[in-house]
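Here is how the chains run, residue by residue.
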Amino acid sequence: MDIPPLAGKTAAMSLGALPVSYALNQVSAFTQPLCVVLVSALILGLLFMAIFSLSHGEITYDPLYAVFVIFSFTSLVDLIIALQEDGFMMGFMDFYTKEGEPYLRTAHGIFICYWDGTVHYLLYLAMAGAIRKRKRYRNLGLYWLGSFAMSLLVFLPGNILGKYSSEIRPAFFLAILYMLVPCWAGVRIFSQPCAPTSYTPDMVQEAQKKGLLQRPADLALIIYLIPAALFTLFRGLVVLDCPTDACFIYIYQYEPYLRDPVAYPKLQMLIYLFYALPFYCLGAYALIFPGCSWLPDWALVFAGAIGQAQFSHMGASMHLRTPFTYRVPEDAWATFFLSNLLFALGPHLLAFRCLWRPAFFMHTPPLEPQGQGKKQQ
């Protein structure tokens, strides 16, 4: 997979988040929630107009260019929020975390901001740079799509269902509009043509003739997927208040964060249960039976989703903003960290395997019977 060049103009424009956030924080009028959302919408509108006037050619070539540039700006805003909440910066986004989205001050909200301000930011720069250079970015886009969608699926419902539901501000409805972005972007990214491969039909057929024992990497992935699916099922039962002793011991001695009333960890485990568990089963099937051409694309989407989810979940489980009774006990750190790290690493290895040698998952044209093409005498 080619790594596209980072967009220098995009990075320069996104750095405007620093002076803008600092200037807005000094205006006392932004103590009203309605003012916060109106000014936020105005800034995004002005930013879009500036991008459209400066990069009309890129937007005409691919409208997602405007999305990536705008989101690179908001990503730096999120990074500023996370750094400020952890005490590394002061005087930038107090007005927004108090009157705009106070749930960003939770441990889960802080780590969502860290992920958005680092991983998503680099992806936006890379994808915007690819559009400027007219290069492919489909694989990066699929990874971003999964990560972005997972972030919204947990964060937005968690704000409504958790203990911060009484602190919903008008800015929350601006965030709901973000849900339309992955839908539109996903359609455009999936519709882009896949990168051409050098595999001939004979090479594809040869790869698909190999049994599972002749593919040790695939066998290892299947061996991983089975316990990962069981772990997903187990944690889903834990948050559903399964009365067994194993669930009781686990939620009190290993992951008490699953009991936190903020609702984010419970939602995360339920999304794993209803979406990740079926994917693990389908992934194992695709590694056994050849020709499942859907796996490479969805493995990238799934890797992005699990990467974002596990980063936020693991960080929030040990962050100081999480009440002490819900943090991971010190004597369980090694077990918690190792199991969750392996849970995050496996989908990335699966995606890498699909990109590395995709021949096993490709469709093979049917063989023509001998003599079919010969002219009849």
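Computed from a predicted structure; not experimentally measured.

A. Spotlight on the overall build of the chain. In terms of regular secondary structure, the chain is built from 16 helices and zero strands. Over its C-alpha atoms the chain spans a radius of gyration of 23 Å, differing by no more than 12% from the 21 Å that the globule rule assigns to 377 residues. On the principal axes, the C-alpha backbone points of the chain span a range of 90 × 60 × 30 Å. Classification of the 377 residues of the chain by burial places 51% in the buried group. Look at the contacts in the chain between residues 6 or more apart in sequence, and 78% of them connect residues 24 or more apart. Element-wise, carbon and sulfur atoms account for 69% of the exposed surface of the chain, whose accessible area totals about 18700 Å².

B. Fine view of a nonpolar patch on the surface. Among the surface-exposed residues, Leu-42, Leu-46, Phe-48, Met-49 and Phe-52 lie close enough to one another that they form a single nonpolar patch of about 510 Å² accessible area. Position of Phe-48 relative to the elements: it lies in helix 3 (residues 33-54). A relative accessible area of 39% places Phe-48 in the partly exposed class.

C. Fine view of the packing of aromatic side chains. Evaluated as defined, the whole model comprises 28 aromatic pairs. With a centroid separation of 6.5 Å and an interplanar angle of 80°, the aromatic rings of Tyr-224 and Tyr-280 are classed as edge-to-face. With Tyr-224 in helix 12 (residues 216-239) and Tyr-280 in helix 14 (residues 264-288), this residue pair connects regions lying 56 residues apart in the sequence. Side by side, Tyr-224 and Tyr-280 carry an identical accessibility label, which is buried. With centroids separated by 6.4 Å and ring planes inclined at 85°, the aromatic side chains of Phe-231 and Tyr-250 adopt a geometry described as edge-to-face. On the criterion of sequence distance, the pair formed by Phe-231 in helix 12 and Tyr-250 in helix 13 (residues 245-253) is long-range, its members being 19 residues apart. Of the two residues, Phe-231 and Tyr-250, neither departs from the other in class, the shared state being buried. Grouping aromatic residues by their ring pairs yields a cluster made of Tyr-224, Phe-231, Phe-234, Tyr-250, Tyr-254, Tyr-272, Phe-279, Tyr-280, Phe-302 and Phe-343.

D. Quick look at the side chain of Glu-101. Its location among the elements puts Glu-101 in the loop between helix 6 (94-99) and helix 7 (107-132). With sequence-adjacent residues up to four places away left out, Glu-101 is seen in contact with Tyr-96, Phe-155, Ala-171 and Ala-175.

E. Representation of the packing of helix 15 (residues 295-318) against helix 16 (residues 333-356) within the structure. Where helix 15 contacts helix 16, the two axes come as close as 8 Å, and the packing angle between them is 160°. Viewed along their axes, helix 15 and helix 16 adopt a mutual orientation that is roughly antiparallel. The two elements helix 15 and helix 16 cross, and the hand of that crossing is left-handed. A per-class count over the contact of helix 15 with helix 16 returns 20 nonpolar, six polar and no charged.

F. Just the state of the cysteines, in detail. For the coordinates displayed, the defined rule picks out zero disulfides. Cys-247 supplies the cysteine sulfur nearest to Cys-242, a cysteine that is in no disulfide, at a spacing of 3.8 Å.

G. Examining helix 5 (residues 64-85) more closely. The first and last C-alpha atoms of helix 5 sit 31 Å apart over 22 residues, in line with the 32 Å expected at 1.5 Å per residue. Counting buried positions along helix 5 gives 21 out of 22 residues, so the element sits mostly inside the fold. Gly-87 lies just past helix 5 and shows a positive phi near 85°.

Quick notes on the rules
Residues numbered from 1 in each chain as written. Predicted model: local features only at pLDDT ≥ 70, side-chain atom pairs only at ≥ 80, totals over all residues. Heavy atoms only, no water. Helix = DSSP H or I, 4+ residues; strand = E, 2+ residues; numbered from the N terminus. Rg over C-alpha atoms; globule rule 2.2 N^0.38 Å. Buried < 20%, exposed > 50% of the residue type's maximum accessible area, 1.4 Å probe, protein only. Contact = heavy atoms within 4.5 Å. Areas by Shrake-Rupley, 256 points an atom, 1.4 Å probe, with all protein chains shown as cover. Patch = residues over 30% accessible without salt bridge, like charges linked within 9 Å, V, L, I, M, F, W, Y side chains within 5 Å. Salt bridge = Lys/Arg side-chain N within 4 Å of Asp/Glu carboxyl O. Phe/Tyr/Trp six-rings, centres within 6.5 Å; stacked < 30°, edge-to-face > 60°. Axes fitted to C-alpha atoms, helices over the stretch in contact; angles between N-to-C directions. Parallel < 35°, antiparallel > 145°, perpendicular 65-115°, else oblique. Left-handed = near helix turned anticlockwise from the far one by under 90°. Nonpolar A, V, L, I, M, F, W, Y, C, P; charged D, E, K, R; others polar. Disulfide = S-S within 2.5 Å. Expected span 1.5 Å × (residues − 1).

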